[in-house]
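Next come the chains, spelled out residue by residue.
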Amino acid sequence: MTPEPDISIRIFSEPQLLAGVRALVEVVGTGMGFAEKNRCLMSLAIDEALSNIIRHGYDSRRDGLIWIHIWRVNEPRGLRFVIEDLARTVDPAKIKGRHLDDIRPGGLGVHIIKETMNEAEWEIRKDGGMRLTMSKRLSDEERQSLEPNARGTTNP
Amino acid sequence: MTTLAALSACAPSATEGGFSNPAPGARIYAIEDAVKFNRRDQIPRIVECLLSDDELLRYMAIGALQRMTGQDLGYQFDDVEPLRYAAYERWRMWTIEQHLAPPEQAYASTIYPPVRERPSW
Amino acid sequence: MNKDLVVERRSEGAAVVLTPQSDIDMARAPAMRTAVAAVIRDRPPTLVLDLSKVIYVDSSGIATLVEALQISLKNNVRLVLVGINPRVQSAFEITKLVGMFNISDSVAKAAG
């Protein structure tokens, strides 16, 4: 049985709220020992996931609901994210990043998510909407930098 | 001298005339003003600019619409014409739904003459 | 009430410098777009985007910068970016767009 998330929040589909979620991801990432660059990329990936839901799932409406759940994982050490919504569903097989040889502005969000996260999987929820499950593990360097404090703590 | 003065008085300045001025530059000024003063009544005129042949005007128009409404309805200024037209139609419907334009008179070629036959309502 | 992006505009010689005063994200990207369009309309030889006050860009922000590059090229305006911080640099790197842009160390060099 999946344990309860360490953090669960619910936001409305308002772009102005995303800065707060980014800040939360960065703080949690710092606690887990992620280096600054990976924290930035992780919060960017979460931001992209939420932006896609707002723009494409809810058609930029501001009254849609989005849930963000975060688990701290000890082995392998990292973070797991699940983002759920009640927005328009998409066939997960059709969610693809843009081919980067094609220099156009759009379609970057999915690419950012797939490049940043170790795992990213979209699925249609049986109660409606979509679920995106992502995880990011500490790199070898990040784990090594935690070695003296690794067991049972969340401080780098 | 008098003739020259009269001739120069005929040509509208680049910033005058707003949306009625055929020059894309003038319409860009008009869009800037509409955004600055949040003139939502001008949204239908800005939507019309999405059909322009001038790419910069289209770029400005969709940016303005995003700022004023928070959405783009899938319009990309550099898309091929059929996709731009389809997105323009979505915008047109949106302005009618938002009561920014009356259905019967919406887009009665105030800026652009019809480029193709539009479905009758 | 939506907090719009403030973009300061000034001249540096013949160049125009736009300085967004905060992040360029999904909420604020449209303001960047209209600011760029207003400059391109006047067709200066160079448009400098000073990103020194931009701590964060998301894909909307990056898309806006790519569009700015496209519209500049089409209107014979040279676009240069300055003041890119490591976070913004990371976003460019992961989207493999770093090589697309002219990047300079300073506004003065970019405008010169």
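What counts and what doesn't
Residue positions within a chain follow its written sequence, with the count starting from 1. Chains and ligands are labelled by the order in which they are written, letters from A for the one and numbers from 1 for the other. Restriction of local features to residues with pLDDT of at least 70 applies here, the model being predicted, together with a cutoff of 80 or more for giving and counting side-chain atom pairs; totals for whole chains, interfaces and linings are based on all residues. Only DSSP runs of H or I covering at least 4 residues are called helices, and only runs of E covering at least 2 are called strands; the numbering of each starts at the N terminus. Placing C-beta atoms from the backbone, we regard two residues as in contact once those atoms come within 7 Å. Neighbour counting defines burial: a residue surrounded by 20 or more other C-beta atoms within 10 Å of its own C-beta is buried, one with 12 or fewer is exposed, and intermediate counts give partly exposed, using backbone-placed C-beta atoms. A fitted line through C-alpha atoms represents every axis, and for helices the fit uses only the stretch in contact; the resulting angles, taken between N-to-C directions, go from 0 to 180 degrees. Handedness of a crossing follows from how the near helix is turned relative to the far one, being left-handed for an anticlockwise turn of less than a right angle and right-handed for a clockwise one. The nonpolar class holds Ala, Val, Leu, Ile, Met, Phe, Trp, Tyr, Cys and Pro. Asp, Glu, Lys and Arg form the charged class, and all remaining residues, Gly among them, are polar. Any two strands with at least two DSSP bridges between them are considered paired. In this usage, the nonpolar core is the set of buried Ala, Val, Leu, Ile, Met, Phe, Trp, Tyr and Cys residues whose C-beta atoms join them within 7 Å. pLDDT is defined as a per-residue confidence score from the predictor, taking values between 0 and 100. Expected span of a helix, by definition, is 1.5 Å for each gap between consecutive residues, and there is one gap fewer than residues. Here the word oblique covers every angle except those under 35 degrees (roughly parallel), over 145 (roughly antiparallel) and from 65 to 115 (roughly perpendicular).

## Points about the overall build of chain A
For chain A, the count of helices and strands is four helices and five strands. Each helix and strand of chain A, ordered N terminal to C terminal, gives the series β-α-α-β-β-α-β-β-α. Summarising the internal contacts of chain A: among those between residues at least 6 apart in sequence, 62% fall at separations of at least 24.

## Here we look at the overall build of chain B
Counting its secondary structure elements, chain B contains five helices and zero strands. When each of the 121 residues of chain B is scored for burial, the buried share is 33%. Residue pairs in contact within chain B that sit at least 24 positions apart in sequence constitute 43% of those at least 6 positions apart.

## Thoughts on the packing of helix H2 (residues 36–57) of chain A against helix H3 (residues 86–94) of chain C
Axis angle and axis distance: for two packed helices, these are the angle between their axes and the distance between the axes, and together they describe the pair. Orientation of H2 of chain A relative to H3 of chain C, taken along the N-to-C sense of each, is 65 degrees, at an axis distance of 10 Å. Seen along the crossing, H2 of chain A lies across H3 of chain C with a hand that is right-handed. Here Lys37, Cys40, Leu41 and Leu44 of chain A of H2 of chain A come into contact with H3 of chain C, specifically with Arg87, Ser90, Ala91 and Ile94 of chain C. In the contact of H2 of chain A with H3 of chain C, the residues fall into five nonpolar, one polar and two charged.

## A word on the sheet that holds strand E5 (residues 102–104) of chain C
Residue and element names in this part refer to chain C. With mixed pairing, the five strands of this open sheet are ordered in space as E1-E2-E3-E4-E5. Of all the strands in the sheet, just strand E1 (7–12) and E5 have a single pairing partner and so form its edges. Recorded for the sheet is a direction-independent mean angle of 30 degrees between the axes of neighbouring strands. Direction of pairing for strand E2 (residues 15–20) relative to strand E3 (residues 46–50): parallel, over a ladder of three bridges. Looking at the pairing, Leu18 lines up with Leu49 of E3.

## Description of the nonpolar core
Counting 99 residues, the largest nonpolar core has Ala45 of chain A, Ile31, Ile46, Leu50, Met60 and Ala61 of chain B together with Val48 of chain C as its most contacted members. Sorting elements by how many residues they give to this core places H2 of chain A first, with ten residues. The residues contacting Ile31 of chain B, other than those within four sequence positions of it, are Ile46, Cys49, Met60, Ala61 and Ala64 of chain B.

## Description of the sheet that holds strand E5 (residues 130–137) of chain A
All names here are of chain A. Spatially, five strands are ordered E1-E2-E3-E5-E4 in an open sheet, and the strand pairing comes out antiparallel. A strand with exactly one partner marks an edge of an open sheet, and here the two such strands are strand E1 (7–12) and strand E4 (119–124). Taking the axes of each pair of neighbouring strands and ignoring which way they run, one obtains an average angle of 15 degrees across the sheet. Packing of helix H1 (residues 18–32) onto the sheet brings it into contact with E1, strand E2 (65–74) and strand E3 (77–85), and relative to E3 it is tilted by some 160 degrees.

## Observations regarding the interface of chain A and chain C
Contact residues are listed per partner, giving 20 residues for chain A and 19 residues for chain C. Contributions of two or more residues to the side of chain A that touches chain C are made by H2 and helix H3 (108–116) of chain A. If you tally residues by element for the side of chain A that touches chain C, the top one is H2 of chain A, at seven residues. Of the residues that constitute the side of chain A that touches chain C, the class distribution is ten nonpolar, six polar and four charged.

## Some thoughts on the confidence of the model for chain A
Confidence in the prediction of chain A, expressed as mean pLDDT, is 87, and 87% of residues score 70 or more. When the criterion is pLDDT under 50, residues 151–156 of chain A qualifies, and its contacts beyond four places in sequence or with other chains add up to nine contacts.

## Considerations on the environment of Tyr88 of chain B
All names here are of chain B. Along the polypeptide, Tyr88 turns up in helix H5 (residues 81–97). As a C-alpha pair, Tyr88 and Asp54 span 34 residues in sequence and 15 Å in three-dimensional space. Filtering out sequence-adjacent residues up to four positions away, Tyr88 remains in contact with Val47, Leu50, Leu51 and Tyr75.

## Considerations on helix H4 (residues 55–69) of chain B
The end-to-end C-alpha distance of H4 of chain B is 21 Å, a good match for the 21 Å that 15 residues give at a rise of 1.5 Å each. By the criterion of burial, H4 of chain B is predominantly enclosed, with twelve of the 15 residues buried. Buried within H4 of chain B we find Leu56, Leu57, Arg58, Tyr59, Met60, Ala61, Ile62, Gly63, Ala64, Leu65, Gln66 and Arg67 of chain B. Elements that come into contact with the buried residues of H4 of chain B comprise helix H2 (24–36) and helix H3 (43–48) of chain B together with helix H1 (29–41) and helix H2 (59–74) of chain C. Where H4 of chain B ends, the next residue or the one after it, Gly70 of chain B, has phi of about 80 degrees, a positive value.

## Focus: H2 of chain A
Residues and elements named next belong to chain A. Here H2 spans 30 Å end to end across 22 residues, near enough to the 32 Å set by a 1.5 Å rise per residue. In terms of burial, H2 is a largely internal element, 18 of the 22 residues being buried. Just downstream of H2 lies Asp59, where phi reads positive at about 50 degrees.

## Section: the packing of H1 of chain C against H2 of chain C
All names here are of chain C. Two elements in contact, H1 and H2, have axes whose closest approach is 9 Å; the angle formed by their N-to-C orientations is 15 degrees. The angle between H1 and H2 places the two elements in the roughly parallel class. Handedness of the H1/H2 crossing: right-handed. On H2, the residues touching Ala29, Met32, Arg33, Val36 and Ile40 of H1 are Ser60, Gly61, Thr64, Glu67, Ala68, Ile71 and Ser72. Partitioned by chemical class, the residues of the contact of H1 with H2 number six nonpolar, four polar and two charged.

## Thoughts on the pairing of E5 of chain A
Residues and elements named next belong to chain A. Note: E3 against E5, seven bridges, orientation antiparallel. Bridge pairing in E5 places Leu79 opposite Lys136. Connecting E4 to the antiparallel partner E5 that follows it, the hairpin turn spans five residues, and Gly128 within it adopts a positive phi of roughly 105 degrees.

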